Amino acid sequence: MARHDSEMKEECLREDLKFYFMSPCEKYRARCQIPWKLGLQILKIVMVTTQLVRFGLSNQLVVAFKEDNTVAFKHLFLKGYSGTDEDDYSCSVYTQEDAYESIFFAINQYHQLKDITLGTLGYGENEDNRIGLKVCKQHYKKGTMFPSNETLNIDNDIELDCVHLDLQDLSKDPLDWKNSSFFRLEFYRLLQVEISFHLKGIDLQTIHSRELPDCYVFQNTIIFDNKAHSGKIKIYFDSDAKIEECKDLNIFGSTQKNTQYVLVFDAFVIVICLASLILCTRSIVLALRLRKRFLNFFLEKYKRPVCDTDQWKFINGWYVLVIISDLMTIIGSILKMEIKAKNLTNYDLCSILLGTSTLLVWVGVIRYLGYFQAYNVLILTMQASLPKVLRFCACAGMIYLGYTFCGWIVLGPYHDKFENLNTVAECLFSLVNGDDMFATFAQIQQKSILVWLFSRLYLYSFISLFIYMILSLFIALITDSYDTIKKFQQNGFPETDLQEFLKECSSKEEYQKESSAFLSCICCRRRPCRDGQQFVLKPISVMLLPTLPAPATAPHED
């Protein structure tokens, strides 16, 4: 009797395991279980993509409005601005007269803003709740300098002096504030002059998209940088735009009604993702329970633990991917609803969450393509080659970092692409992919013959090493994994303990062995029943991926 109960328990466990590794369609044919998760994923793909497209179009309007205003401000407040930044700064001056004219030009343009601007701009209050300009200058405390005699006497303590010019002060005779002692600059002591002011604006282009307009506060800063004392003052312009809730909006039309429809759609997306999250979490919990049953049974019957490879097969990575995607979509949708209602203005965080969640949703489609052997090669190749590729990249990364630091130290002063570590890494990555090779060679300044010769040795060695050797080995690793998988698909795969357990035949069933154990599902086929009975499903174990090339006889190996 005890033996019979043990056989029934084993047979029940085997049936549950076979059912767990079936595809949604096979589960429906086996037990008429409706594939709710599959239906939700298809619906979620459509809805999340639609939501992202709508938000992306709205976000583009926001970014375009900020960038257009920044360009307009540069033309309004920077004297002689050509329309293109010179480098990381907007423009520069080389004489004292040009420096004074540039400072006074920015101040006068601010005073005449309402008469000259084409935008919907107005004056805003600064940190001190005052409307006007704040002009600050940094300079060394005191000192004297005689370059002809090579004499310098200076106190390197830095002083900061500021003056506030409101609209009333600017309405007076300009000579009153221009001739003040504050604007008498001693350029040999001067470090920088900073002009800061706030402006307000309203983005009306959103009305054409049937959305409520946004109100902006632009925190503008103009910096005249003379820290190098090289005879060249660099002029930087920075505009930080913040979105605020408009205090009083009276818009006639269907804008408000359209906003309500969008909020309802976003709420429906949250409900769909929440349902998907609950179903996937439930599946993972049930899988862990089934895993525990199998581990206990295997240890009790065979007196040894199950290998780690089989244990990880119960953790469905696609469900984890879906859960992460659902969480990001729910949070992003809540932020989007708050932004749409003008309670929040964090467009960047919302776009990152929605964009990443949509990426994960579409990547999850590969799971369903994996049910077909012809489409499953990509997944299997990535799984087999990933450990080797990561180890290879760790070694190649050390060489890459060495070239990065070397290029930054040696070539940084002579080449724009090697000025900082970030640009050096980007430049070298472009060279690995064959981009911009001639321009990188040609832009090396020939002011130092020694550096020029070193640059040739540096670039030739890097390109030869990474393109002809490291990149070729990288591709060879992936190709080798692909060839291994193709051979196993033709000749059969090593089988693990879990596969052997599923293939054991009971007194009532025989299970046909398939040639591919790398498929990500358990395929089912129908067989006609005798004596007028209904069709009976005959499962075939073809899922469970073994770890290459570990055989089933080594259950304790990873």
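Parameters at a glance
Residues numbered from 1 in each chain as written. Predicted model: local features only at pLDDT ≥ 70, side-chain atom pairs only at ≥ 80, totals over all residues. Heavy atoms only, no water. UniProt positions renumbered as here; feature names shortened; annotations may be inferred. Axes fitted to C-alpha atoms, helices over the stretch in contact; angles between N-to-C directions. Helix = DSSP H or I, 4+ residues; strand = E, 2+ residues; numbered from the N terminus. Parallel < 35°, antiparallel > 145°, perpendicular 65-115°, else oblique. Left-handed = near helix turned anticlockwise from the far one by under 90°. Contact = heavy atoms within 4.5 Å. Nonpolar A, V, L, I, M, F, W, Y, C, P; charged D, E, K, R; others polar. Salt bridge = Lys/Arg side-chain N within 4 Å of Asp/Glu carboxyl O. Buried < 20%, exposed > 50% of the residue type's maximum accessible area, 1.4 Å probe, protein only. Patch = residues over 30% accessible without salt bridge, like charges linked within 9 Å, V, L, I, M, F, W, Y side chains within 5 Å. Areas by Shrake-Rupley, 256 points an atom, 1.4 Å probe, with all protein chains shown as cover.

Identification of the chain as Mucolipin TRP cation channel 2 from Papio anubis is taken from an unreviewed UniProt entry. Note on the chain: under the UniProt heading Catalytic activity (unreviewed entry), the record states "Ca(2+)(in) = Ca(2+)(out)".

Peer 1: Quick one: what's the story with the packing of helix H14 (residues 421-432) against helix H16 (residues 449-491), residue by residue and with numbers?
Peer 2: In contact at an axis separation of 9 Å, H14 and H16 are set at 55 degrees when each is read in the N-to-C sense. Our classification of the angle between H14 and H16 gives oblique. For the crossing formed where H14 meets H16, the hand is right-handed. Mapping the contact onto sequence places Leu428, Leu431 and Val432 in H14 and Tyr458, Leu459, Phe462, Phe466, Ile467 and Leu471 in H16. In the contact of H14 with H16, the residues fall into nine nonpolar, no polar and no charged.

Peer 1: Quick rundown of the pattern of salt bridges? Include the residues and the values.
Peer 2: Using the criterion set out here, one finds five salt bridges in the structure. Close ionic contact of Arg189 with Glu186 constitutes a salt bridge, the shortest N to O distance being 2.5 Å. Of the charged contacts, one joins Lys336 and Asp266 as a salt bridge, the two residues approaching to 2.9 Å between their closest N and O atoms. A residue pair is termed long-range when its members are at least 10 positions apart, and Lys336 in helix H10 (residues 317-340) and Asp266 in helix H8 (residues 255-302) qualify at 70 residues. An identical accessibility class is assigned to Lys336 and Asp266; each is buried.

Peer 1: Which residues make up a nonpolar patch on the surface, and what are the values?
Peer 2: Together, Met398, Ile399, Leu401, Phe405, Trp408, Ile409 and Leu421 make up an exposed nonpolar region whose accessible area comes to about 660 Å². With six residues, helix H13 (residues 377-411) is the single largest residue contributor to the nonpolar patch. Structurally, the position occupied by Leu401 is in helix H13.

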